[in-house]
Amino acid sequence: MFKILAKINKWLLPNYTKEQLDLAKATKLQKAIIAWKYYVTTRAVD
């Protein structure tokens, strides 16, 4: 299930690494998206 979510995240959610987002200047929404992508990715790898 998490592998499917990871693919959906990659397609739908923005990639802040390519945008070189500074985490110190990120908004709460951007931090929430980063945390969600991290959570799903770590579960998909297991």
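This structure is a prediction, so every number in the text was calculated from the model and none was measured.

A. Region of the structure containing the overall build of the protein chain. Each helix and strand in the protein chain was counted, giving two helices and zero strands. C-alpha extents for the protein chain along the principal axes are approximately 30 × 15 × 15 Å. With the model as given, the accessible surface of the protein chain reaches about 4,200 Å², and the carbon-plus-sulfur share is 63%.

B. Region of interest: the packing of helix 1 (residues 2–12) against helix 2 (residues 28–45). The geometry of helix 1 relative to helix 2 is characterised by a closest axis approach of 8 Å and an angle of 140 degrees between their N-to-C directions. The orientation of helix 1 relative to helix 2 falls into the category oblique. Where helix 1 crosses over helix 2, the handedness of that crossing is left-handed. On helix 2, the residues touching Phe2, Lys3, Leu5, Ala6 and Asn9 of helix 1 are Trp36, Lys37, Tyr39, Val40, Arg43 and Ala44. Split by residue class, the contact of helix 1 with helix 2 holds seven nonpolar, one polar and three charged.

C. Helix 2, seen in detail. A rise of 1.5 Å per residue sets the reference length of helix 2, with its 18 residues, at 26 Å; its end C-alpha atoms lie 26 Å apart and thus fit the reference within 8%. Gln30, Ile33, Val40 and Ala44 are the residues of helix 2 that are buried. Buried residues of helix 2, viewed axially, fall in a sector of 100 degrees; they line one side. Those residues of helix 2 that are exposed and aimed more than 90 degrees away from the buried face are Lys28 and Tyr38.

D. Quick look at a nonpolar patch on the surface. Taken together, the side chains of Ile4, Ile8, Trp11 and Leu12 present a nonpolar region at the surface, about 500 Å² in accessible area. Looking at the secondary structure, you find isoleucine 8 in helix 1.

E. Quick look at unusual backbone geometry. We note that glutamine 20 has phi near 55 degrees; this positive angle belongs to a residue other than glycine. Position of glutamine 20 relative to the elements: it lies in the loop between helix 1 and helix 2.

Cut-offs used in this document
- Residues numbered from 1 in each chain as written.
- Predicted model: local features only at pLDDT ≥ 70, side-chain atom pairs only at ≥ 80, totals over all residues.
- Heavy atoms only, no water.
- Helix = DSSP H or I, 4+ residues; strand = E, 2+ residues; numbered from the N terminus.
- Areas by Shrake-Rupley, 256 points an atom, 1.4 Å probe, with all protein chains shown as cover.
- Axes fitted to C-alpha atoms, helices over the stretch in contact; angles between N-to-C directions.
- Parallel < 35°, antiparallel > 145°, perpendicular 65-115°, else oblique.
- Left-handed = near helix turned anticlockwise from the far one by under 90°.
- Contact = heavy atoms within 4.5 Å.
- Nonpolar A, V, L, I, M, F, W, Y, C, P; charged D, E, K, R; others polar.
- Expected span 1.5 Å × (residues − 1).
- Buried < 20%, exposed > 50% of the residue type's maximum accessible area, 1.4 Å probe, protein only.
- Arc of directions from axis to C-beta.
- Patch = residues over 30% accessible without salt bridge, like charges linked within 9 Å, V, L, I, M, F, W, Y side chains within 5 Å.
- Salt bridge = Lys/Arg side-chain N within 4 Å of Asp/Glu carboxyl O.

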